[in-house]
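# Per-entry structural report
What follows is the residue order along each chain.
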Amino acid sequence: MNASSLQLQLGLEDLLGDLHHARRSGDLGCLALLMYCEVRRWARMAGDQGLAEQSSELITHGPHASRDEFLEQVDKLIGELERARP
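All values derive from a computational prediction rather than experimental measurement. (Residues numbered from 1 in each chain as written. Predicted model: local features only at pLDDT ≥ 70, side-chain atom pairs only at ≥ 80, totals over all residues. Heavy atoms only, no water.)

## With respect to the packing of aromatic side chains
- Tallying each qualifying case throughout the model produces zero aromatic pairs.
- Sitting over the face of the ring of Tyr 36, Arg 40 holds its NZ or CZ atom 4.0 Å from the ring centroid. (Phe/Tyr/Trp six-rings, centres within 6.5 Å; stacked < 30°, edge-to-face > 60°. Lys NZ or Arg CZ within 6 Å of the ring centre and 35° of its normal.)

Okay, here's the thing in structure tokens:
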């Protein structure tokens, strides 16, 4: 494993830890910030433009119908990040 892929892996582990903590505590503001800024940044560094766009759209495409709908989408995106682990 080269230094770049190790850095991506460690960054993903940190990001997932932050996401799980915010999700457990129900901190919607923190989740939104992590999704829009950190997930998008990590996905771009990893070369996953689809994931970067998905995280951006989660925040920028209009209001969500409910808190539960937003959290469902967050959970799906967290699942995709977990599957992105090397």
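## Describing the nonpolar core
- Counting residues in each nonpolar core, the largest one holds 21 residues, and the members touching the most others are Leu 19, Leu 31, Met 35, Val 39, Trp 42, Val 74 and Leu 81.
- Excluding residues that lie within four positions of it along the chain, Val 74 makes contacts with Leu 31, Met 35 and Leu 58. (Core = buried A, V, L, I, M, F, W, Y, C linked by side-chain atoms within 4.5 Å. Buried < 20%, exposed > 50% of the residue type's maximum accessible area, 1.4 Å probe, protein only. Contact = heavy atoms within 4.5 Å.)

## Concerning helix H2 (residues 28-45)
- The terminal C-alpha atoms of H2, which comprises 18 residues, lie 25 Å apart, in line with the 26 Å expected from a rise of 1.5 Å per residue.
- For H2, the complete set of buried residues consists of Leu 31, Leu 34, Met 35, Val 39, Arg 40, Trp 42 and Ala 43.
- Residues of H2 that are buried sit in contact with helix H1 (3-25), helix H3 (49-60) and helix H4 (67-83).
- Here H2 starts with a cap whose side-chain oxygen sits 3.3 Å from the backbone nitrogen of Gly 29, and that cap is Asp 27.
- After H2 finishes, the residue Gly 47 shows a positive phi value of roughly 80 degrees. (Helix = DSSP H or I, 4+ residues; strand = E, 2+ residues; numbered from the N terminus. Expected span 1.5 Å × (residues − 1). Polar contact = N/O pair within 3.5 Å; in protein donor to acceptor, adjacent residues only side chain to side chain.)

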